[in-house]
Amino acid sequence: MNVSEFRSRVRTWLDENDLTPAPRLTFDEQVVQLGRVRRALYDAGWMRYGWPAEIGGLGGPAVLRAVLGEEVATRELAEPGIYSMVEVLAPTMISYARPELAAEMVPRLLNGEEQWCQGFSEPGSGSDLASLSTRAVQRGDDWVINGQKVWTSLAQFASRCVLLTRTGPGHKGITAFFVDMDTPGITVRPLRTMHGVDEFAEVYFDDVVVPADRMLGQPGDGWRVAMDLLPHERSTCFWHRIAYLFTKLDQLLAESDSTADDEIGAAYLALHTVRCRSYGTQQRLADGGVLGPETSIDKVLLATAEQQLFDTARDLLPGVLELSDTEWRTEFLYSRAATIYGGTAEIQRNIIARRLLDLGAE
Ligand SMILES: Cc1cc2nc3c(=O)[nH]c(=O)nc-3n(C[C@H](O)[C@H](O)[C@H](O)COP(=O)(O)OP(=O)(O)OC[C@H]3O[C@@H](n4cnc5c(N)ncnc54)[C@H](O)[C@@H]3O)c2cc1C
């Protein structure tokens, strides 16, 4: 099926199968809604396009997933940030897990049965991820994990975690595991964001025993897993998010009676710029390309556009953000995180300077 045929069939199906959520869901309800949307799209086959047959997919280019997510985001059927986590975690599993494990687990993520989380950041290791200290020690056929993760999105809802641990010194001493979150010794403590949502959590590991066959890749492959995973946070996911932000721009135009054409125009231009950039990234993916540090440009452009859009909302809807508990306020506050999650804006600029422009060390 080609892209335009896929899009038109998905649209027809979504018109006939109403998955619209109730208004103003709590975060817990959004997670339930996400499961409902994934289940329905999986059962109808749409969620399986763009994924390989080995994990229950129906094949076709990855760009079909971008198209599906765009439709979901534009219709606001599921919160785009959590909808897109599939795009980050499933490709990693397909590349690094034992084929039987990937075949068993990935469909559970795609069909909404499970949520997964990504355990990378620690209290002392965010930007400097390679300094992480959560330790895994081999004991017979198992590995025993001790340490703490933080800012782990959806951890309190997750059945599994893609976890980075330290098994030796330096970058080559990082090893990734696929861990069941109900393993004894794991404690999850939700953290509240400034927009009032328990979106992420602290996760503690106390003598957590993980079988060796849950390792992703080989001992010491963890840094490679992380470097392969991060560009996925900036490709198909971004296409979904950009579509969502365009719907917010349309809403702003409808709600504001302002004639501040300059500000609206600038917000539009920033969004359009990142969409053009992301289009190129989608094309590279469709051509089988491997994504790398150049996706840091997408990240800087998206974070800039997102914050500019909600700055514009703040300016054109005077008092709404400051004085009332509306979705605009939530969105504005959440947009501040855009220059932090998935690697901060400063770190992206360092990567662009060092690895793309060859400007030397920091
Ligand atoms: C909404 C949200 C969801 C998240 N979800 C997850 C998740 O699911 N899993 C996960 O593992 N993590 C997650 N994170 C964590 C995120 O990856 C980290 O917050 C991020 O990598 C920054 O790390 P840090 O918070 O430790 O800040 P730090 O690394 O301590 O940085 C603090 C400040 O110093 C700056 N800085 C640091 N080093 C340099 C440098 N070398 N040059 C210039 N400036 C520098 C940074 O840009 C930043 O402004 C999430 C974060 C947010 C906000």
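Looking up the protein chain in an unreviewed UniProt entry gives the name Acyl-CoA dehydrogenase family protein, with the organism given as Rhodococcus chondri. Taken verbatim from the UniProt record of the protein chain, the Sequence similarities (unreviewed entry) comment is "Belongs to the acyl-CoA dehydrogenase family."

Student: Which residues make up the site of the ligand, and what values go with them?
Tutor: Around the ligand, 19 residues are found, and the nearest of them are Ser121, Ser127, Trp151, Thr344 and Glu346. Here an oxygen atom of the ligand and a side-chain polar atom of serine 127 are 2.6 Å apart. Here glutamate 346 contributes a side-chain N or O atom positioned 2.6 Å from an oxygen atom of the ligand. With the chains in place, 67% of the 980 Å² that the ligand exposes on its own is no longer accessible. Per-class residue counts for the shell around the ligand are 7 nonpolar, 9 polar and 3 charged. Taken domain by domain, the shell around the ligand gets at least three of its residues from each of domain 2 (117-222) and domain 3 (233-356).

Student: Which residues make up the UniProt feature "domain: Acyl-CoA oxidase/dehydrogenase middle" (unreviewed entry) in the protein chain, and what values go with them?
Tutor: Summarizing the sequence annotation, UniProt attributes the feature "domain: Acyl-CoA oxidase/dehydrogenase middle" (unreviewed entry) to residues 117-208 in the numbering used throughout. Helix makes up 0% of residues 117-208 and strand 55%, whereas the separation of the span's terminal C-alpha atoms amounts to 17 Å.

Student: Residue-level account of the packing of helix H8 (residues 236-255) against helix H9 (residues 261-286), with values.
Tutor: Closest axis-to-axis distance for the H8/H9 pair is 9 Å, and the angle between their directions is 160°. It follows from the interaxial angle that H8 and H9 lie roughly antiparallel. The crossing of H8 and H9 is left-handed. Between H8, through Thr236, Phe238, Trp239, Ile242, Leu245, Phe246, Leu249, Leu252 and Leu253, and H9, the contact on the second element is made entirely by Ile264, Ala267, Tyr268, Leu271, His272, Val274, Arg275, Ser278, Tyr279, Gln282 and Leu285. Of the residues assigned to the contact of H8 with H9, the class counts are 15 nonpolar, 4 polar and 1 charged.

Student: I'd like to hear about the UniProt feature "domain: Acyl-CoA dehydrogenase/oxidase C-terminal" (unreviewed entry) in the protein chain, residue by residue, with values.
Tutor: Taking the numbering used here, the UniProt-annotated feature "domain: Acyl-CoA dehydrogenase/oxidase C-terminal" (unreviewed entry) corresponds to residues 220-357. Annotated as 75% helix and 0% strand, the span residues 220-357 places its first and last C-alpha atoms 29 Å apart.

Student: Account for the domain arrangement of the protein chain, naming residues and giving values.
Tutor: Domain boundaries in the protein chain define domain 1 (3-113), domain 2 (117-222) and domain 3 (233-356). Taken over C-alpha atoms, the centre of domain 1 sits 22 Å from the centre of domain 3. On the side of domain 3, 17 residues touch domain 1, which itself brings 16 residues to the contact. When domain 1 packs against domain 3, close to 1500 Å² is buried across both sides, 60% of that on carbon and sulfur atoms. Three residues stand out in domain 1 for area buried against domain 3, namely Arg24, Glu76 and Pro80, and they jointly supply 32% of the buried area on that side. In this structure, the connection of domain 1 to domain 3 is made through 3 salt bridges. Viewed at the interface, domain 3 and domain 1 are joined by 6 residue pairs in polar contact (both at pLDDT 80 or more).

Student: Tell me about unusual backbone geometry, and name the residues and values.
Tutor: Unlike most non-glycine residues, aspartate 207 shows phi in positive territory, near 50°. Inspection of the secondary structure puts aspartate 207 in strand E7 (residues 200-211). We note that aspartate 358 has phi near 55°; this positive angle belongs to a residue other than glycine. Examined against the element boundaries, aspartate 358 turns out to sit in the segment after helix H13 (345-356). Exposure remark for aspartate 358: the relative accessible area of 66% places this residue in the exposed category.

So, how was this worked out
- Residues numbered from 1 in each chain as written.
- Predicted model: local features only at pLDDT ≥ 70, side-chain atom pairs only at ≥ 80, totals over all residues.
- Heavy atoms only, no water.
- UniProt positions renumbered as here; feature names shortened; annotations may be inferred.
- Near = heavy atom within 4 Å.
- Polar contact = N/O pair within 3.5 Å; in protein donor to acceptor, adjacent residues only side chain to side chain.
- Areas by Shrake-Rupley, 256 points an atom, 1.4 Å probe, with all protein chains shown as cover.
- Nonpolar A, V, L, I, M, F, W, Y, C, P; charged D, E, K, R; others polar.
- Domains from an automatic or database assignment.
- Helix = DSSP H or I, 4+ residues; strand = E, 2+ residues; numbered from the N terminus.
- Axes fitted to C-alpha atoms, helices over the stretch in contact; angles between N-to-C directions.
- Parallel < 35°, antiparallel > 145°, perpendicular 65-115°, else oblique.
- Left-handed = near helix turned anticlockwise from the far one by under 90°.
- Contact = heavy atoms within 4.5 Å.
- Buried area = accessible area lost by both parts, 1.4 Å probe.
- Salt bridge = Lys/Arg side-chain N within 4 Å of Asp/Glu carboxyl O.
- Buried < 20%, exposed > 50% of the residue type's maximum accessible area, 1.4 Å probe, protein only.

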